Amino acid sequence: LYLSKRIFILLSAAAILFVASFFLPWLGAVPGIFTLVIFLLLFLDYALLFGRRNGLKAAREIPERLSNGDENLISIRMKSIYPFTLSLEIIDEIPFQFQLRDFSIPATLPPGNQREISYRLRPVKRGEYHFGRLNIYGHSPLGLVIRRFRFGMEQQVPVYPSYLQMRRFQLLAI
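What you see is a predicted model, and the numbers here were worked out from it, not measured in a lab.

Draft legend 1. Region of the structure containing the pattern of salt bridges. With the rule as written, the count across this model stands at 5 salt bridges. Residue Arg150 pairs with Glu93 through a salt bridge whose shortest N-O separation is 3.9 Å. Of this pair, Arg150 sits in strand E10 (residues 145-151) while Glu93 sits in the loop between strand E5 (86-92) and strand E6 (105-109), placing them 57 residues apart in sequence. For Glu93, a relative accessible area of 31% translates into the label partly exposed. Between Arg133 and Glu154 there is a salt bridge, with its nearest N and O atoms 3.7 Å apart. Of the two residues, Arg133 is situated in the loop between strand E8 (127-131) and strand E9 (134-139) and Glu154 in the loop between E10 and strand E11 (155-160); the sequence distance between them amounts to 21 residues. Classification of Arg133 by relative accessible area gives partly exposed; the value is 32%. Salt bridges sharing common partners tie together Glu61, Arg77 and Glu116.

Written as structure tokens, this is what we have:
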């Protein structure tokens, strides 16, 4: 469970209303009602996201081996069973050899649909590359609460010399 920036902005507005009601007595119960509505929306958003145990399913697809020096396609397949559009931020724990510390992919997933997102990685060294878990952060249209989905798909993939280039030159030689 994570709280988004939106909830903090709304709570700051409620605090400003409380301070303003001290100087402007005609505001009366407006700050209290506004705060109550914020908390009701917060609990509604929590119920929407956490009401389903497995609301999102995802899987990473990696080739059996990666080609050194070439662009290799990595795919993430997702399926939502939520009755609303899910806004997502996908953070894939890619191998440290790529030195990508801020790797994330924003996406949306319509209700009950599947989607595949692909990205490319270009290894520059041979060896074993270890992919960590797949982390997906999702929130409902209200956007007050963020839910983290973790998929434990740690994978180890070997990187061989550029076999894609070797195949191409093999065909040219024939």
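Read on for the rest.
Draft legend 2. Quick peek at the sheet that holds strand E3 (residues 66-67). Here we have 3 strands laid out as an open sheet, ordered E3-E11-E8, and mixed in their pairing. Only two strands of the sheet have a single neighbouring strand rather than two, namely E3 and E8. With 2 bridges connecting them, E3 and E11 associate as parallel partners. By the bridge assignment for E11, Ser67 is matched with Tyr160.

What counts and what doesn't
Residues numbered from 1 in each chain as written. Predicted model: local features only at pLDDT ≥ 70, side-chain atom pairs only at ≥ 80, totals over all residues. Heavy atoms only, no water. Salt bridge = Lys/Arg side-chain N within 4 Å of Asp/Glu carboxyl O. Helix = DSSP H or I, 4+ residues; strand = E, 2+ residues; numbered from the N terminus. Buried < 20%, exposed > 50% of the residue type's maximum accessible area, 1.4 Å probe, protein only. Pairing = 2+ DSSP bridges.

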